[in-house]
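The chain contents come next:
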Amino acid sequence: MVPCGAVLWRRLLRKRWVLGLVFGLSLVYFITSTFKQEERMVRDRNLLQVQEHEQPILWKVKFSPGNSSQLSNQCRNSVQGKLLITDELGYICERKDLLVNGCCDVHVPSTKLFSCESCLPNGCCSIYEYCVSCCLQPSKQHLLERFLNRAAIAFQNLFMAVEDHFELCLAKCRTSSQSVQHENTYRDPIAKYCYGEYPPELLPV
């Protein structure tokens, strides 16, 4: 036996005014959602335009030498390299020559300062640690400042987080969307770590 509630519900759904009411409410919900989404898009677009044209991005990057870690005889370094490590002073060394304070042992002959080995004139390198070491050269400061001044809004969140020259070089040398084409192929599969102002040239399709 069919419950009375189910029978009443079926009869109610057969009435035209009920169907009209359901349709009307659905239409109102759809129109309201569409307007709210359009409003959000316009607001976001206006916000980006204001940031881009009226308010210059206030970068926090410090290029002045001598930070607290150097004063305490400790070094930050590039950490993840299996064979090579670059410390914040610009020295690159083999991982086995890294001192307990995080600095490269400068007395080892293979340790190099501001080395651009494996790097091309366009600022792209085949080895990440050499990219960071080369980027840390004091002469690269103006190049990095020019890049920051032209950095797209899309990269603002990434580079606004860095505090100094070393952190900027770590972030800049990491591969990103600037290093690839078609989202899955490196622009330059050999020199894919770049500190330069511009990404590598696109490979011919």
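These figures come from a predicted structure and were not determined experimentally.

**Remarks on the state of the cysteines**
Okay, step 1: According to the stated counting rule, one finds seven disulfides in the structure shown.
Okay, step 2: Residue C135 pairs covalently with C169 via a disulfide, S to S 2.1 Å. Taking the sign of the torsion about the S-S bond as the criterion, the disulfide between C135 and C169, at about -80°, is left-handed. Taken as a pair, C135 in helix α4 (residues 128-135) and C169 in helix α7 (residues 165-173) lie far apart in primary sequence, 34 residues in all.
Okay, step 3: The exposure class assigned to C135 is buried, which follows from its relative accessible area of 0%.

**What to know about helix α5 (residues 141-150)**
Okay, step 1: All of the buried residues in α5 are L143, L144, F147 and L148. Down the axis, α5 shows its buried residues gathered within 135° of arc, on one side only. Exposed and oriented more than 90 degrees from the buried face of α5 are H142 and N149.

**A look at the confidence of the model for the chain**
Okay, step 1: Overall, the predicted model of the chain reaches an average pLDDT of 76, with 62% of residues at or above 70.
Okay, step 2: In the model, residues 180-185 has pLDDT below 50 throughout and makes nine contacts with residues more than four positions away in sequence or in other chains.

**Here's the deal with the packing of aromatic side chains**
Okay, step 1: Summed over all chains, the structure comprises one aromatic pair.
Okay, step 2: Taken together, a centroid distance of 5.8 Å and an interplanar angle of 70° make the contact between Y128 and Y193 edge-to-face. On the criterion of sequence distance, the pair formed by Y128 in helix α4 and Y193 in strand β7 (residues 193-194) is long-range, its members being 65 residues apart.
Okay, step 3: Given a relative accessible area of 7%, Y128 falls into the buried group.
Okay, step 4: Positioned above the aromatic ring of F147 is the side chain of K172, whose terminal nitrogen or guanidinium carbon lies 4.1 Å from the ring centre.

**What about the packing of α4 against α7?**
Okay, step 1: Relative to each other, α4 and α7 sit at 140°, their axes nearing to 9 Å. In terms of their interaxial angle, α4 and α7 are classed as oblique. The element α4 and its partner α7 pack so that their crossing is right-handed. For the pair formed by α4 and α7, the contact residues are Y128, C131, V132 and C135 on the first element and H165, F166, C169, L170 and C173 on the second.
Okay, step 2: Partitioning the contact of α4 with α7 into residue classes produces eight nonpolar, one polar and no charged.

**Looking at the sheet that holds strand β3 (residues 112-113)**
Okay, step 1: If you walk across this open sheet you meet the three strands as β1-β2-β3, and the pairing is antiparallel. Across the chains shown, the open sheet's two edge strands, defined by having one partner strand only, are β1 (84-86) and β3.
Okay, step 2: The pairing of strand β2 (residues 91-94) with β3 spans two bridges and is classified as antiparallel. Residue pairing for β3: Y91 is matched across the bridge by L113.

The rules behind each value
- Residues numbered from 1 in each chain as written.
- Predicted model: local features only at pLDDT ≥ 70, side-chain atom pairs only at ≥ 80, totals over all residues.
- Heavy atoms only, no water.
- Disulfide = S-S within 2.5 Å.
- Helix = DSSP H or I, 4+ residues; strand = E, 2+ residues; numbered from the N terminus.
- Buried < 20%, exposed > 50% of the residue type's maximum accessible area, 1.4 Å probe, protein only.
- Arc of directions from axis to C-beta.
- pLDDT = per-residue confidence, 0-100.
- Contact = heavy atoms within 4.5 Å.
- Phe/Tyr/Trp six-rings, centres within 6.5 Å; stacked < 30°, edge-to-face > 60°.
- Lys NZ or Arg CZ within 6 Å of the ring centre and 35° of its normal.
- Axes fitted to C-alpha atoms, helices over the stretch in contact; angles between N-to-C directions.
- Parallel < 35°, antiparallel > 145°, perpendicular 65-115°, else oblique.
- Left-handed = near helix turned anticlockwise from the far one by under 90°.
- Nonpolar A, V, L, I, M, F, W, Y, C, P; charged D, E, K, R; others polar.
- Pairing = 2+ DSSP bridges.

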